[in-house]
Amino acid sequence: MWRQANWDEPLIYELSSNKKRKQGIIIPEENIDVKIDIPEKIKRKNDLEIPELSELEVVRHFIRLSQQNFGVDLGMMPLGSCTMKYNPKVEELTSRVVENYHPLQDEDTVQGILEMMYEMQKWLAEMTGMDECSLQIPAGAAGELAGVLMIKKYHKTKNRERDEMLVADTAHGTNPASAAMSGYKVIYIKSNQEGLVDIDILKEVVNSKTAGLMLTNPNTLGLFEENILEISKIIHSVDGVLYYDGANLNGILGIARPGDMGFDIVHINLHKTFAVPHGGGGPGAGAICAKGELKEYLPYPIVDKEGGKYVLRTPVKTIGKIASFYGNIGNVIRAYVYILGLGPQGVSQVGKMSTLATNYLISKLKDVKGLELLAPHRPRKHEVVFSAKPLLNDKGVTALDIAKALLDRGFYAPTIYFPGIIEEALMIEPTETEPKETLDKFIETLKEILEESYKDPEKIRQTPQNTSVKRLDQVKANHPTSVTPSYRVLRLREKGVIKILK
Amino acid sequence: MDYHPWLPNLDYENEMIREIGVNSIDDLFKDIPEEIKLKRLLNVGYSKPLSEYEIYLRLLELENKNTKLRMPPFLGGGVCPHYVPEAVKFVISRSEFYTSYTPYQPEISQGLLQALFEYQSLMADLLEMEVVNSSMYEWGSALAEAVLMAYRINGKKKVVIPASINPYHKKVLETWTYGKEIKIKEIPYTNEGKINLEVAEKEIDEETSAVYIQQPNFFGIFETDIEEIVDLAKKKGAITIMGVNPLSLSLIKPPGEYDIDIAVGDGQELGLPLNFGGPYMGIFATKWDGKLVRQMPGRLVGLTTDSEGKRGYTLILQTREQFTRREKATSNITTNEALMAIANAVYISLLGKSGLRKLAEEIYKRSHYALLEFEKKGIGKRKFNSDFFEEFTVSFPISYGKIHENLKARGIYGGLKISDNDAIFCVTEVHTKRMIDEMIEEVKKIVETS
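Predicted, not measured: the structure shown is a model, and the values here were computed from it. (Residues numbered from 1 in each chain as written. Chains lettered and ligands numbered in written order. Predicted model: local features only at pLDDT ≥ 70, side-chain atom pairs only at ≥ 80, totals over all residues. Heavy atoms only, no water.)

(A) Main features of the overall build of chain B. Regarding its fold elements, chain B presents 14 helices and 13 strands. By principal-axis analysis of the C-alpha atoms, chain B measures approximately 80 × 55 × 50 Å. Each of the 450 residues in chain B was classed as buried or not, and the buried ones make up 67%. Long-range pairs, those at least 24 residues apart, make up 70% of the contacts in chain B with a sequence separation of at least 6. Here chain B contributes 55 positively and 65 negatively charged side chains, and the mean placements of these two sets differ by 4 Å. (Helix = DSSP H or I, 4+ residues; strand = E, 2+ residues; numbered from the N terminus. Buried < 20%, exposed > 50% of the residue type's maximum accessible area, 1.4 Å probe, protein only. Contact = heavy atoms within 4.5 Å. Lys, Arg positive; Asp, Glu negative; His and termini not counted. Charge placed at Lys NZ, Arg CZ, Asp CG, Glu CD.)

See the structure below:
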């Protein structure tokens, strides 16, 4: 039986006695005759409440914590839309190229880094069918923001009054959030019975106030928007901009390119499609690419080549900077290595192999009792969303329960909170890196859980049992009288200094 | 291509196709219109898949195209070179952390959640603010998010910033607030390089949404009139935002002691390499006030118990997020810099209370020593007569560009040029006394021979 480590590890504060001095590292000292003379008015008054420990204690603490955590190196993480593929170890060689270089160094001292960035810009443009890319953005959502701001500035430059951003209801939750951050009114486009953009609704909604449409293709249901050329025509007919959310690019990489479908702007999540380790939720890395006139609005700088030297350039109508320097270059180079290792042959296989894996899962799971699938006749691309509503109706077991039961068996769970249009969603994304043997094991495990849900639903509701902790109390975690976002809050509450979070 | 180490199912194609019940992989793409299908290989990478050794050689080639320096650069601008302890690198390389994802399933992600809770807690104590999120991208975007948050709270569109703000952060602020049409007003600095209080009094008015203070400011100078600015802001109902260098906070008053509403900063100086601009680590904190906490962007980890009463950790207050709130969310951020937050937590834990203080003192001493030496040698003078930390501005008798190019030719990277004769130098614990002396000696030669 699978079991996760359970160390009952105290908080780092509780490991330190605070009575005896301990040191985890020696600070280098120079014999320099300078007096510290900070103005009284700004000196820190209160003693720091930071624990003191030896190096071993610190290391042992965090290694124990690491053992209570699950990553791709431990097992399959079929999190839909998150593209949790294997991160090849060779990527770690990259640190030498970028780690010790300051972002404000002159171009002539970092030609190696700039050459890598230049190649990546070109390759990303090639893979998306765009004209130019900027590596400014530290993560996907920042790419969306950049894209929407580009749309905003583009219309403003043309003196067009546009205040509505269309967003498909199958979109990631970040799309409407990014549009709203840029001051747009968000108009949702409902999907039809097949899970695709409803063209009739789109036609009705599009008007002279439409700034653009934010879409991902394949969408979050894993379905390819087969009417994409018509959608593109409708949006362009009112001078709107078609924006591509690259979070789902994995399923079509090498098969079809957003640029050829009529998209004008694309963001890419390099950490997803190009296997940068996700680090527990970050750092990621991204790129924002554009076509035609819109490329002049990209965030700066862009790396260019002039007379054999790499230089930084600012597009003429740039929206400005999304990050203080060049984005998460330390991760851009990890993605670069992924592309080097796959080569043109391998990169061109990514969409095929991830789509093959998804449809293989579907073929084995589509008739399982308790699950249902929207438009089962349609092939999926990167991911598939099953609904566990039949199981809920039959036995009162939820998608959340299934997720927890999977954890108990050594798998991470599918995405279950999204998309909102599928009730009791189980959004599964296998990626191209999971071996067929693992896919088979996952299929078998999920089937067992569903069978057990019908036999003994209470047992499934009691999961997880084999993880570091059992099911957690979310009400307590969020209640204004008990919500505790730091040790400081715990301390101050015990002293009666702070009370309810009003 | 028949086999590839990262594509394990190439040889299973036919078997899997049969199971699916289609004739070929192409059938799985029959919903893609023929005219948009790519009918060639992508022109990326090099002509073939590179072996690990070939990748190594390519990276070595790139590495050799960067200039080798004799010592760490004396270059700051809000990002300073520091020594990263091996224990920090070791912990964040643990693949259970490194290859994990946002902890949507807390029971199987306790290690990450506890480590992030500890980051939030250690940073809260350093800042003396109660709520710290589990990271933003970097300082610039954290500041932009703070300004957008102030706008969400009070609906006003004017933000007041000091002219001594880090200009790279200012650029990010301008871009991110473009969509909401927020107006940015600058308060000039005095001859001492500090915020001009008289102008601040005029600029901070009833229309002001937020007032930003950077401590120490872009020139490395400690602002000494923070209480006064905070008072002005409070009288006019504006939200106060303070940008901090967390490394300086064991010496100087943290934002909490000024009763600041929102604190931002970068954790880069707490255990992260320069990384040519990223990944860095955006700090975002608020005081204990529901109005602020509920508008806070980003993720928060909190304490709770499991079904057996055992302590556990989980993401909290998620109803603020794009996850459920979509266009009404407090921000669009999902991927953050979680691993970098863990690096910060390990770094702070290794140094502890006394180590943090000692390090700050050592940096203070070395940077002051360097400035004094420039003056003693008669080759540079301080531009501002104010106390500073880590970075300082020097005025040279000749064009700094000339000094810079000559230094570079000798394998030394000097400060950041801010005008013809002025440059900001950054000196930290990675610059030994010998390196500082050598750099100054080289500058002396350059100044004297021109």
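(B) Quick peek at the overall build of chain A. Counting its regular elements, chain A contains 17 helices and twelve strands. Computed over its C-alpha atoms, the radius of gyration of chain A comes to 25 Å, within 12% of the 23 Å expected for a compact globule of 502 residues. In chain A, which comprises 502 residues, the proportion classed as buried is 68%. (Rg over C-alpha atoms; globule rule 2.2 N^0.38 Å.)

(C) Inspection of empty space enclosed by the protein at higher detail. Residue and element names in this part refer to chain B. What the rule picks out here adds up to eight cavities of 30 Å³ or more. A volume near 120 Å³ is recorded for the largest cavity. Lining the largest cavity are 15 residues; nearest its centre among them are Gly 78, Pro 216, Asn 217, Asn 245 and Glu 391. Counted by class, the lining of the largest cavity contains five nonpolar, seven polar and three charged residues. Looking at the lining of the largest cavity, you find at least three residues from each of domain 2 (86-347) and domain 3 (353-449). (1 Å grid on protein atoms, 1.4 Å probe; cavity = no way out; pocket = protein on both sides within 12 Å on 5 of 7 lines; lining within 4 Å. Points joined across faces, edges and corners; volume = space filled by probe spheres on them. Nonpolar A, V, L, I, M, F, W, Y, C, P; charged D, E, K, R; others polar. Domains from an automatic or database assignment.)

(D) Quick look at the pairing of strand 9 (residues 309-313) of chain A. All names here are of chain A. Where strand 8 (residues 302-306) meets strand 9, five bridges bridge the pair, whose relative direction is antiparallel. By the bridge assignment for strand 9, Val 303 is matched with Leu 312. Linkage of strand 8 to strand 9, two consecutive antiparallel strands, is achieved through a turn of two residues, within which Gly 307 is found at a positive phi near 50 degrees. (Pairing = 2+ DSSP bridges.)

(E) Here's a closer look at the UniProt feature "domain: Glycine dehydrogenase C-terminal" (unreviewed entry) in chain A. With numbering matched to this structure, UniProt assigns "domain: Glycine dehydrogenase C-terminal" (unreviewed entry) to residues 352-454 of chain A. The annotated region residues 352-454 of chain A carries 48% helix and 10% strand content, and the separation between its end C-alpha atoms amounts to 35 Å. (UniProt positions renumbered as here; feature names shortened; annotations may be inferred.)

(F) Just the domain arrangement of chain B, in detail. If you check the domain split of chain B, you get domain 1 (12-64), domain 2 (86-347) and domain 3 (353-449). Inter-centroid distance (C-alpha atoms) of domain 1 of chain B to domain 2 of chain B is 41 Å.

(G) Main features of helix 5 (residues 110-127) of chain B. All names here are of chain B. For helix 5, built from 18 residues, the straight-helix expectation of 26 Å at 1.5 Å per residue is met to within 8% by its first-to-last C-alpha distance of 25 Å. Extensive coverage of helix 5 is indicated by the burial of 18 of its 18 residues. Positive phi shows up at Glu 128, right after helix 5, with a value of about 55 degrees. (Expected span 1.5 Å × (residues − 1).)

(H) Inspection of the sheet that holds strand 11 (residues 391-395) of chain B at higher detail. All names here are of chain B. Read from one edge to the other, the open sheet built from four strands follows the order 10-11-13-12, with strand pairing classed as antiparallel. Lying at the two open borders of the sheet, with one neighbouring strand each, are strand 10 (381-382) and strand 12 (416-417). Both strand 11 and strand 13 (residues 422-426) contribute to a ladder of five bridges, which runs antiparallel. Its bridge partner lying in strand 13, Glu 391 is registered against Cys 426. Sheet contacts for helix 12 (residues 338-376): strand 10, strand 11 and strand 13; angle to strand 11, the most-contacted strand, approximately 10 degrees. (Axes fitted to C-alpha atoms, helices over the stretch in contact; angles between N-to-C directions.)

(I) Fine view of the state of the cysteines. Residues and elements named next belong to chain A. Going through the model one piece at a time under the given rule, you end up with one disulfide over all chains. Disulfide pairing is shown between Cys 133 and Cys 289; the S-S distance is 2.2 Å. Judged by the sign of its S-S torsion, about 100 degrees, the cystine formed by Cys 133 and Cys 289 is right-handed. Within this pair, whereas Cys 133 is found in strand 1 (residues 132-134), its partner Cys 289 is found in strand 7 (residues 286-290), the two being separated by 156 residues in sequence. Here Cys 133 and Cys 289 have matching classes, each one buried. (Disulfide = S-S within 2.5 Å.)

(J) Spotlight on the sheet that holds strand 11 (residues 384-387) of chain A. Residues and elements named next belong to chain A. Here three strands make up an open sheet; going across it, the order is 10-11-12 and the pairing antiparallel. Two strands in the sheet have a free side with no partner beyond their single neighbour: strand 10 (372-373) and strand 12 (425-428). For strand 10 and strand 11, the ladder comprises two bridges, and the chain directions are antiparallel. In the strand pairing of strand 11, Glu 372 is matched with Ser 387.

(K) Representation of helix 6 (residues 174-181) of chain A within the structure. All names here are of chain A. Across the eight residues of helix 6, eight count as buried, placing the element largely inside the fold. Those residues of helix 6 that fall on the buried side of the exposure criterion are Thr 174, Asn 175, Pro 176, Ala 177, Ser 178, Ala 179, Ala 180 and Met 181. Among the residues trailing helix 6, Gly 183 stands out with phi positive, at a value near 85 degrees.

(L) Structural detail: unusual backbone geometry. Residues A:Gly282 and A:Pro283 are joined by a peptide bond in cis, for which omega reads 5 degrees. Mapped onto the secondary structure, A:Pro283 falls in the loop between helix 10 (270-273) and strand 7. A cis geometry characterises the amide bond from B:Gly278 onward to B:Pro279, with omega recorded as 5 degrees. Checked against the element boundaries, B:Pro279 lands in the loop between strand 6 (262-266) and strand 7 (282-286). Although it is not a glycine, A:Ala375 adopts a positive phi angle of roughly 45 degrees. Classification of A:Ala375 by relative accessible area gives buried; the value is 8%. Not every positive phi belongs to a glycine, and B:Phe276 is a case in point at roughly 45 degrees.

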